[in-house]
Structure formats: C-alpha cells, structure tokens
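Residue strings, one per chain:
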Amino acid sequence: MGKSLFLAVVLLFSMAVPVGATVGQPADHHVQAATDSDVRESDRTEWNVTVNETEPDLNRLGVSGEFVFVGGASFPSSGPTISPAVHVLVGNNTTNLAATKVVADAEWTEESSKRFDGRVVGDTLVVRYGRTISAVAKRGGKWKQFDLGTLDAQFETMFATDSAVFVVSKAGIRKYGVGTKPTELARYETEYELESADYADGTITFETLDDTDCEAEGASGCSGEIDDGSRYGALDTGLNERWTQFVANEYVLTERVGDLLLTQPGSKATFYARDVTTGEPAWTWEAPNSGYIAERMRGDVRFWTNHNQEFIVDPDTGDVQWSYHNDDILYDSPSRVLLHVDGEYVLRNHSTGEVLARHSGPEPPRLDSWKWNSVAKIDGGAYLSFTVDPAPTRVFVNTTTGETATTFDPPERVVTAYEKAEELPDELRYLTYSVETMGPPGSFSMAVSIRGETNTSDLYKTSVFAHPTDREWFEVEGDSSGRNLAVGSMVQTDGVLLYTTVEEQSEAEGVRRFEEVHVRSLNGTYLGRATFYRTDLGKPMPESREIPGRSLDNQYNENLTRENYQVQMAASGPSGEVQYVEPYGHEGDRRKVLRFGIEEVSPENVTASVEVSCGDGGPQAVLNNPTSMPLVYSVGGVADEVRVGADESRTVELSDDGEYTFEVGTTLGDPVELEFAASGDSSVEGDTVVTDCGQKSAKAMADETRSADDTSGTDGSVPGFTPLASVLALLIVFGLGYVVREG
C-alpha cells in the first residue's frame, strides 16, 4: 500500500511539469543555416532577373541630349539605293528612330566598309565615311544633312573643341564650324605627307615626312632614301602656324607630353624637349643608344627599348627619377609596374618608384598565362594575383593601395596537382587556372582545371571558387545530383551571385547544350534558378527578338531562346550584364553578341505556407518551405525568427489562444508570398490567424508556474511554493507517515 501511494504521488508531481524538451524552457525556434555544401538544384524557376538591352551599336558615333547617332545602311524605303547613312535614335535603343540621313553618295553592299567616324559638338554631328565629310543636325525642327566635301588623301583621325571639329588626313588638317549651317572654316595643307597630329589645350602639334622613297620598317621608322627630310611644329585652333622646325634628310619621331613636344631624329640617341607653344628648347636627354623611344606616361616621360633599362624622366627638368630593367616587368601601366627581382614580387609607383607591395614568391612564367605561377591581371589591372610563398598560395593585390585584398589557400587536391605539374612537361598542361572579377571591387572567381586520366571522357576536372566582396572563398558546385554541369562565369549583383551552368550532351544530330541560370547568396547558399525579363520591352526574354521593331527578313529576328543563343554572365561594372552569344555567327564567322544590363534580382513565384492547428498542448503552427532556398519566418508572439531550410518544415508552439501575424522572406530580406491553412476552431483573417483551442499550451502553463513561483507570502501559502506544490508536499508527508506506521 505504501509503495502504491508513493507512485501515485510521483505521478501527480510529474503531471505538474510543463510539456517541452526541458522543464521550464520554451520550444526551440532555431534552424541551422544551410551549409555551402547543401546544394539543391531544382526544376523550378524561382528568381526573376530584370534586364535592359545595353548593346551599343558598333557604329555609335555620339550623343546629343536624348539623341543617339549611329552609322549604318539606309533602309530600302528611304530611296532607290541603299547607301551609307546616319540613324538618329531617341534614347539608347534601336527601336525609336527619329530620322535617317544618307551621308555619302555610294551604294552600300556586303563589301562596303562598315567604319564611320564622327564627333558631336552641341546638336551637330560631323561624320566621315570613306573620304566624304558630312554633318547631320536638327535645324528648323527637322533633321538635315549638310555636305562638307571630300578629303584629298587618306583619313587619319578626328578631334573636336567646344565649337568646331577637326579632320586630319595625310594631306593636312581641316576645321569645320557647327553654326546655323555647318561649313568648312579653315584648312592647313602640309608640305609633306602628314604622319601624325595631336591636340590639347588649344594647340595642335603635327609631324610630316617626305617619304617618297621611304619604305616603312616597323616602329623604328623606315628604310630607303628620304628626299628633303621632315618638318614638325605647332598650330593654333585657327590652323595658323605657331612654329615649325625642319630636319634635313632625317625622319623625326615626336611625342606630346603636357606642355612639351619631344622629338628625336631617327638615327640619333638624343631627345629634344621643346615648349609646345613657342618651340623653344627646354632640355635634352641622351639615351644609351639610338633604339630608344619616348612615351608619355601621365605627367612623366618614359624612355624605353626592348630588353634594356627603362628610364622615368621628370618632364620639367629632364632628370631621371628612377630606372628598371624591362625584362623584370610582369605588369605595366601608366601608374603602376610589377617587377619580379631576386625572388620577390615588387609593386611600384611607376612615376616615382615608390614600393607599394612586396611578396616573396617563385619565378613566374612570362608568356604562359595558363600556368599557376603566372600573374593574373584582373578588372583591367585594378587587381593583380600571383603565387607567393608557400606555393601554391595566391594573393590578390589592390594595385591602387598595394594592400592584399584576399589570399587564396588552395584545397589539398590543388596542392597535390601543383606539385605533380612541376614534374610534368608543359605540353600536358596538367594544372591550369583563370581568374575574373565578379563586378564589385574585391570580388573574384577562379576556375581551376586538373587534367584527368588519359582516355577518359573528361579530359579536365574543373572546380570553381568564388570570393564575393568582403566575404570568404567558397567552392561552387554545378549540381549535387550527379549531373556533370560546368559552372560558367559569375557576377555579383543586387546582393546575390548569378551564374550559368552548362551540360553538353552528344546525340545523332550533334551536341546540344542545356543551360541554366542560378542564384546564390554571398555566403554560397543555393537559392534557386532564374529567368530573364526585359523591362525595355515588357516581356520575358524568350518572347523577345534580337532587334525588335525592325522588319528584317533574315536570321537577325530569331527569338532569344537557348536553342539559338548561348547565355553567359559578364562583369561589366558593379551590376554586371547578361550576354546572349550566337555561337556560330549569322553570317559566316561573324558572332552576334547582345548585352543586357542587370537591373534587379528578386524572387518570383515563390510561395510559402503556414498551417495552424490545435495540438495536445495548445495552438501550434507548421511552417512549410516548399522552395529550393532557405526562408526566414517571423511569427508574432514568438520572440525569435525561425529559419526553415529548403524543402523543409518546422513546427513552433504558440503561447496561447489569440491573434498571430506571420511574415516570411528570403535570407536576403526579399518578401515572399504566404498561404494560410487553419483547422479546428482557428480562423484566418488576412495575414493574421486567430486561434481558439480552448486550452492553455504547455508554454502558457509554464509561464503561469514561473509567475506563481515569483509570488511570496501573499496568499497564505508556504513561501517559495505554489498552491499545487503545497498540496503535493502535504500528500508526500502524509504518505511517508503512513508508510512508517505500517512498517
């Protein structure tokens, strides 16, 4: 009897404990973040990428306000002959045509030159096609064409001031005004054939040569007899001579550097610097031999020749600031130079020689850019990447500051391949790599290929690694389902990564490419597949045509579908662009590349659900995530947000009956549509669920228990005990006493 009573007391006490994993604690509402290796590819397209065509016409000549001038062929409707013409477009697209003006009296054929040159001053375009000069301008509310004549010799270049356009040919220089009626204002005809002309700060410099019997021979000049010699000098913008110099029986190389004109008679090692306005000598510089060339380098002068010492000279004094051997150069720009000397990479300021960065590393190859130890130029030279000790570690250096942006420590399989590649002949190309920017500063992607076994279908095994701005490196898998998908180029835009995957399958009719566009977060979490939508046309990309609004009866009007084009990403500025590439060319070997700027990346057709019901302990909500990306749920009345992984569900216990609001979004903060389902006495009102389960949840009971525990001595109970606990304690005492008496 004593034992039975004791068990009954224990059972009663256990009934007072709140339901949950731990006594007195609420249910867990957290979910582990998806790892980078948790890759889920899905057939669903859950992200929408809005794009706008930014494809510049190859013959875009200039812009005046809202109008864009483009060179090309006239339309058949404009006359009996298709001729070279200028199209005036409204806005930066090819659909809104304001006017078309023929600019040359010639027939446009397949063999015709496709090159136009033009300069815009105000509302007037001066255009050159062949040797014909024309102007296109809006006068009296109408677009008009003005004939400005023809050149007497081969066209060289064009430049413009605020009020005029200058056209340079082998015969001289012409100046055209752009007033009410565009017309020729002045002409300077050179004594000898004009070799070059330059304009800056109100002064035109030129160089001519009497080369009747001269045959060109590379950059060093010409061989053969020169009749009279060379003449060089300067003109004002009215094409009046300021000064000239004649050199008999010599050709002269000239280089404009700021306020100086550097000249060198071709057979001499002496360079002369003259004031560009007056022609007065400023200084001379003696090169080690006659093979040197002068080159402007921002505000300085560089004197160089192949396989020799290079000298950086102060243009104000002619003094050498510093020098280096150009066989040590690995990267060269007007502002920076990277050298490898005595086992060290040294990044220097090109003007002053100041050291910006120094790293020890193995000797790099000069020509084979595919080799791991080669130097990679990224984002036009904004960053350089090279191998440092201990190899094969690579650093990524900001060339502006010299700071290390990131360090790439290769995984073990790459280290092993690097060591093996050192022992194998170069012809095998056992280990190769390539590096690209993903758009924003400090973002990089690297593709590493390791040669596979001989006589296998996969000659190389390629791995792709990504480093978003201010994040860590992670490896990007094409697909975890077993398909052999190659990861294409990546861009970082709108807070995510976009990239393509390609699967090639051989069949009887050839090779078919299956391409998909994917989205990842900046920490590598897979978020789903994407499709493109054109905001400029207001329709999905597959429904648009290559040149909308043009009635061309040829392949140029094919739909932009994956069957007709290859899709790839390109880092063009911080937002990136989508490129549609016609793989084999519409006409022979010509490839058509269409460029679309990325405007926004957002979830589309993504819907989550919440099911509210009455459980054993009270109301509860089941958070369902049917998507291929993790979602974050916010539940009113529950303190913490709840993260639910892709294709997963999570049950949370609600406090008590009442009203609960729910919100859900991506891990990036994008809102996601939500569907509700309620059972029992619960109901849905908008985004609010009202529960009426008629019983307290375990959490509510635990809260009441804790609240009662905190109350001391106000209701006649024993301090520190709730009424229920007091009753249980008395029963225990009574039971123990009974056991003692019976014993």
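Residues numbered from 1 in each chain as written. Predicted model: local features only at pLDDT ≥ 70, side-chain atom pairs only at ≥ 80, totals over all residues. Heavy atoms only, no water.

Peer 1: If you had to explain the overall build of the protein to someone new, which residues and values would you point to?
Peer 2: Of regular secondary structure, the protein possesses four helices and 56 strands. In the protein, buried positions account for 45% of the 743 residues. Sequence separation of 24 or more characterises 45% of the internal contacts of the protein that already satisfy a separation of 6 or more. When the accessible area of the protein is evaluated, it comes to approximately 36,900 Å², of which 46% is carbon and sulfur surface. (Helix = DSSP H or I, 4+ residues; strand = E, 2+ residues; numbered from the N terminus. Buried < 20%, exposed > 50% of the residue type's maximum accessible area, 1.4 Å probe, protein only. Contact = heavy atoms within 4.5 Å. Areas by Shrake-Rupley, 256 points an atom, 1.4 Å probe, with all protein chains shown as cover.)

Peer 1: Break down the sheet that holds strand β6 (residues 117-121) for me, with residues and values.
Peer 2: As summarised here, the arrangement of the four strands in space is β6-β7-β8-β9, forming an open sheet in which the pairing is antiparallel. In this open sheet, the two edge strands, each paired with only one partner strand, are β6 and β9 (142-150). With strand direction ignored, the average angle separating the axes of adjacent strands in the sheet is 20°. Bridge analysis of β6 against strand β7 (residues 124-129) gives five bridges, and the strand direction is antiparallel. Paired with Gly118 across the bridge in β7 is Val127. (Pairing = 2+ DSSP bridges. Axes fitted to C-alpha atoms, helices over the stretch in contact; angles between N-to-C directions.)

Peer 1: Can you tell me about the nonpolar core, naming the residues and giving the values?
Peer 2: If you look at the biggest cluster of nonpolar residues, it comprises 41 residues, and the most contacted ones within it are Leu498, Phe532, Val578, Tyr580, Leu623, Tyr633 and Phe662. Considering every element that reaches this core, the biggest residue donor is strand β47 (residues 593-603), with four residues. Counting 19 residues, the second-largest nonpolar core is a separate cluster that includes Phe396, Val414, Tyr430 and Tyr433. (Core = buried A, V, L, I, M, F, W, Y, C linked by side-chain atoms within 4.5 Å.)

Peer 1: Explain the pairing of β47 to me, using residue names and the numbers behind them.
Peer 2: Counting buried positions along β47 gives eight out of 11 residues, so the element sits mostly inside the fold. When strand β1 (residues 45-53) meets β47, the two strands line up antiparallel, connected through seven bridges. Each residue of the ladder has a partner; that of Trp47, found in β47, is Pro603. In the sheet, strand β46 (residues 577-581) pairs with β47 via five bridges, with the strands oriented antiparallel. Bridge pairing in β47 places Tyr580 opposite Leu594.

Peer 1: Report on the state of the cysteines, specifying residues and quantitative values.
Peer 2: Evaluated as defined, the whole model comprises one disulfide. Two residues share a disulfide in this structure: Cys614 and Cys693, whose sulfurs sit 2.0 Å from each other. Taking the torsion about the sulfur-sulfur bond, which here is approximately -90°, the covalent link between Cys614 and Cys693 counts as left-handed. In this pair, Cys614 sits in strand β48 (residues 607-615) while Cys693 sits in the loop between β56 (688-691) and α3 (698-709), placing the two residues 79 residues apart along the sequence. On the basis of relative accessibility, which here comes to 33%, the residue Cys614 falls in the partly exposed class. Accessibility expressed as a relative area gives 14% for Cys693, which makes it buried. (Disulfide = S-S within 2.5 Å.)

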